[in-house]
Amino acid sequence: MPVRVMKLLGVTHLVATNAAGGLNPKFEVGDIMLVKDHINLMGFAGNNPLQGPNDERFGPRFPPMNEAYDKTLIREAKRIAKELGLENIVHEGCYTYLGGPNFETVAELKMLSMLGADSVGMSTVHEVITGRHCDLTVMAFSLITNKCITAYDSNDNPNHEEVMDVGKMRQDVLKLFVQSIVKYIKQTEDSINP
Ligand SMILES: O=P(O)(O)O[C@H]1O[C@H](CO)[C@@H](O)[C@H]1O
Ligand SMILES: Nc1nc2[nH]cnc2c(=O)[nH]1
């Protein structure tokens, strides 16, 4: 619903952000993962934001999702990351999400890893699908707030306080990153529609 309101207000681009657990062992807490693709696990269970009668004013009944994340924006976000000296903490990967609110079991994390997911959260995919359905240009990134633990002998429990703390720790960097991306989008739009 908020995404469709944005569309009706004339918004053309959606930059979605989330806090996520890092499944890719190369990711460190505080890293940023540009989303290049997602696995809509909730969709597999029949939970999709496009369920119900299709409103053709927004988009088609069966929209493609293979190019959900704009490749140009990913490329430019990487360039911007380099300019800001963030290239060591900015990666690219596949996001997946579960309904939450509990964090995952060890077996679930192992499965998600095997499926090819690099980060796991509880949001974003619904917004992205709705945005792509109404033809918004979409990019998304995850802030890796915790490493997903796939060992049974670990006592390291994920918790929401840690998620909030890492968000606060990185807020200035994320603000600068998003501002720079939005500035790039605005410059590009102005050059197309002066
Ligand atoms: O996806 P966002 O809202 O960024 O936050 C993620 O982190 C929270 C759990 O700590 C959940 O809300 C999960 O979805
Ligand atoms: N599902 C999920 N959401 C998160 N949000 C922040 N960390 C996590 C995580 O480990 N799992």
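This is a predicted model, so every value here is computed, not measured.

Parameters at a glance
- Sequence order sets the numbering: in each chain, residues are counted from 1 along the sequence as written.
- Just so you know, chain letters begin at A and ligand numbers begin at 1, following the order they were written in.
- Given that the model is predicted, a residue must reach a pLDDT of at least 70 before its local features are reported, and side-chain atom pairs must reach 80 or more before they are shown or counted; all residues, however, enter totals for whole chains, interfaces and linings.
- For the side-chain quantities, the full set of heavy atoms in the structure was used; hydrogens and water were omitted.
- The definitions used throughout rest on a 1 Å grid laid over the protein atoms alone, on which a cavity is an enclosed set of points accommodating a 1.4 Å probe that cannot get out and a pocket is an open set flanked by protein within 12 Å on both sides along at least five of seven lines; lining residues are those having an atom within 4 Å of a point.
- Grid points are joined across faces, edges and corners, and a volume is the space filled by probe spheres set on the points.
- Residues are grouped as follows: nonpolar covers Ala, Val, Leu, Ile, Met, Phe, Trp, Tyr, Cys and Pro; charged covers Asp, Glu, Lys and Arg; every other residue, Gly included, is treated as polar.
- Only DSSP runs of H or I covering at least 4 residues are called helices, and only runs of E covering at least 2 are called strands; the numbering of each starts at the N terminus.
- Near, as used in this document, describes a residue that has one of its heavy atoms within 4 Å of the molecule or strand being considered.
- For this analysis, a polar contact is any N or O atom pair within 3.5 Å, provided that within protein one partner can donate a hydrogen and the other can accept it, and provided that sequence-adjacent residues contribute only side-chain to side-chain pairs.
- More than half of a molecule's atoms within 2 Å of the grid points is what it takes for that molecule to sit in a cavity or pocket.
- Should a side-chain nitrogen of Lys or Arg be within 4 Å of a carboxyl oxygen of Asp or Glu, the pair is scored as a salt bridge.
- Think of it in three bands: residues with accessible area under 20% of the maximum for their type are buried, residues over 50% are exposed, and the middle band is partly exposed, with areas taken using a 1.4 Å probe on protein chains only.
- At least two bridges found by DSSP between two strands are what make those strands a pair.
- Axis angles are defined between N-to-C directions and span 0 to 180 degrees, where every axis is a line fitted to C-alpha atoms and, for a helix, only to the segment in contact.
- For the area figures, the Shrake-Rupley method with a 1.4 Å probe applies, and any residue is considered shielded solely by the protein chains shown.

Caption draft 1: A look at the layout of surface pockets. Put simply, the largest pocket is a space of about 270 Å³. What lines the largest pocket is a set of 16 residues, and nearest its centre among them are Lys147, Ile149, Asp156, Asn157 and Pro158. Taken together, the residues of the lining of the largest pocket break down into nine nonpolar, three polar and four charged. When its volume is computed, the second largest pocket comes out at roughly 210 Å³. Secondary-structure elements contributing two or more residues to the lining of the second largest pocket are β1 (13-22), β4 (119-121), β5 (137-147) and α6 (160-169). Counting residues per element, the lining of the second largest pocket draws most heavily on β1, which supplies three residues. When the residues that make up the lining of the second largest pocket are grouped by side-chain class, the tally is seven nonpolar, six polar and one charged.

Caption draft 2: Molecular detail of the site of ligand 2. Looking at ligand 2, the residues that line it are Ala19, Ala20, Gly21, Phe103, Glu104, Val120, Gly121, Met122, Thr145, Asn146 and Val163. Measuring from a nitrogen atom of ligand 2, one finds a backbone N or O atom of Gly21 at 3.3 Å. Structurally, ligand 2 is housed in the second largest pocket. By residue number, the principal contributor to the shell around ligand 2 is β1, which donates three residues.

Caption draft 3: Structural view of the pattern of salt bridges. Counted according to the given criterion, the structure contains nine salt bridges. Residue Arg57 is joined to Asp55 by a salt bridge in which the shortest nitrogen-to-oxygen separation is 2.6 Å. Looking at Arg57, the relative accessible area reads 73%, which means it is exposed. For the salt bridge of Lys186 with Asp190, the shortest nitrogen-to-oxygen distance reads 2.6 Å.

Caption draft 4: Representation of the sheet that holds strand β2 (residues 32-39) in the model. In spatial order, the strands read β1-β4-β3-β2-β5; together these five strands close into a barrel with mixed pairing. Pairs of neighbouring strands in the sheet enclose a mean axial angle of 50°, with direction left out of account. As paired strands, β1 and β4 are joined by two bridges and run antiparallel to one another. Residue pairing for β4: Gly22 is matched across the bridge by Ser119.

Caption draft 5: Here's a closer look at the site of ligand 1. Close contacts around ligand 1 come from Asn18, Ala19, Phe103, Met122, Ser123, His160 and Val163, and that covers them all. A distance of 2.8 Å separates an oxygen atom of ligand 1 from a polar backbone atom of Ala19. Here an oxygen atom of ligand 1 and a side-chain polar atom of Ser123 are 2.5 Å apart. The fraction of the free accessible surface of ligand 1 (340 Å²) that becomes covered by protein chains is 71%. Given that more than half its atoms are within 2 Å of the pocket grid, ligand 1 belongs to the second largest pocket. Contributing elements (two or more residues each) for the shell around ligand 1: β1 and α6. Grouping the constituent residues of the shell around ligand 1 by class yields four nonpolar, three polar and no charged.

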